[in-house]
Structures are given as C-alpha cells and as structure tokens.
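Inside the fold
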Amino acid sequence: MALIITFLLGMGNFACHRAVIASGHRMLSEMPPRALQGARAASLALEFVLLCGALYAAEAGAVHWVWLYAGYFLINLGAAWSIVTGRL
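Thresholds applied
Residues numbered from 1 in each chain as written. Predicted model: local features only at pLDDT ≥ 70, side-chain atom pairs only at ≥ 80, totals over all residues. Heavy atoms only, no water. Helix = DSSP H or I, 4+ residues; strand = E, 2+ residues; numbered from the N terminus. Buried < 20%, exposed > 50% of the residue type's maximum accessible area, 1.4 Å probe, protein only. Contact = heavy atoms within 4.5 Å. Areas by Shrake-Rupley, 256 points an atom, 1.4 Å probe, with all protein chains shown as cover. Salt bridge = Lys/Arg side-chain N within 4 Å of Asp/Glu carboxyl O. Patch = residues over 30% accessible without salt bridge, like charges linked within 9 Å, V, L, I, M, F, W, Y side chains within 5 Å. Phe/Tyr/Trp six-rings, centres within 6.5 Å; stacked < 30°, edge-to-face > 60°. Axes fitted to C-alpha atoms, helices over the stretch in contact; angles between N-to-C directions. Parallel < 35°, antiparallel > 145°, perpendicular 65-115°, else oblique. Nonpolar A, V, L, I, M, F, W, Y, C, P; charged D, E, K, R; others polar.

Below, the discussion takes up the overall build of the chain. Along the backbone of the chain there are 4 helices and 0 strands. For the chain, the sequential pattern of α-helices and β-strands runs α-α-α-α. Along the first, second and third principal axes, the C-alpha atoms of the chain reach 45 × 25 × 15 Å. Counting across all 88 residues of the chain, residues that qualify as buried make up 28%. Restricting the contact set of the chain to residue pairs at least 6 apart, pairs at least 24 apart contribute 75%. With an accessible surface of roughly 6,000 Å², the chain has 73% of that area assigned to carbon and sulfur atoms.

A separate point is the pattern of salt bridges. This structure, assessed with the given rule, holds 1 salt bridge. Between Arg 26 and Glu 30 there is a salt bridge, with its nearest N and O atoms 3.8 Å apart. Since its relative accessible area comes to 59%, Glu 30 is described here as exposed.

Now for a nonpolar patch on the surface. Taken together, the side chains of Met 1, Ile 4, Ile 5, Phe 7, Leu 8 and Met 11 make up a nonpolar region of the molecular surface, amounting to roughly 630 Å² of accessible area. Structurally, Leu 8 is set in helix H1 (residues 2–22).

Scanning the model with the defined rule gives 1 aromatic pair in all. On the basis of an interplanar angle of 35° and a centroid distance of 5.8 Å, the ring pair of Tyr 69 and Tyr 72 is categorised as tilted. Linking Tyr 69 with Tyr 72, this pair stays in helix H4 (residues 63–84), spanning 3 residues, or about one helical turn. For Tyr 69, a relative accessible area of 6% corresponds to the buried category.

As a further point, take the environment of Met 31. On the secondary structure map, Met 31 appears in the loop between helix H2 (26–29) and helix H3 (33–60). For Met 31, a relative accessible area of 28% gives the class partly exposed.

With respect to the secondary-structure elements, Leu 9 resides in helix H1. Judged by its relative accessible area of 14%, Leu 9 falls in the buried class. Residue contacts for Leu 9: discarding those within four places in its chain leaves Tyr 69, Ala 70 and Phe 73.

So, on to the packing of H1 against H3. Two elements in contact, H1 and H3, have axes whose closest approach is 9 Å; the angle formed by their N-to-C orientations is 170°. Taken together, the axes of H1 and H3 lie roughly antiparallel to each other. Here Ala 2, Leu 3, Thr 6, Phe 7, Gly 10, Met 11, Asn 13, Phe 14, His 17 and Ile 21 of H1 come into contact with H3, specifically with Arg 40, Ser 43, Leu 44, Glu 47, Phe 48, Leu 51, Ala 54, Leu 55, Ala 58 and Glu 59. Partitioning the contact of H1 with H3 into residue classes produces 12 nonpolar, 5 polar and 3 charged.

Structure, rendered in structure tokens:
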C-alpha cells in the first residue's frame, strides 16, 4: 500500500511541476530560453530521483520516508497553487 501511495504522490508532484511550467509565470518567461530548457530538464531529473528514492524506501519498509515524501508533496502543491493562481 505504501508503494501505491508513494507512486500517486509522485505523479501529483509531476503534475504540479507540469502546471508550473505551463503557467507562463513571469519568473519562467523572463529566463533565457537555453537556461529555461536546462532548468526544466534538471528539475524533472531531480523530481524523478526523489520519486525513485521514495519508492525504494517504501519498498524497504521505511514508512517514515513515505511520510516525509507526503510532506514534500504538500509543499510542492502549495507552491504550485500559489504560482499558477498568480499569488506569487
């Protein structure tokens, strides 16, 4: 069950990431195109590594890491919401 929850949280993180990229926020639109492309690739790679680590921890039975990943998801969700809605 922990694996499924962690996987769903990871998909939520990728959805938040995609929403921020597609939002057209001033922070992203003012970056040079090459730097933006590199930042997108690096941030997606980091997100993938974090998800793999959380899935590995869930498989190993370290449930506290799943809780930490859930907290990370909530922080990402709040940040993405504030960027997409224009509050930030």
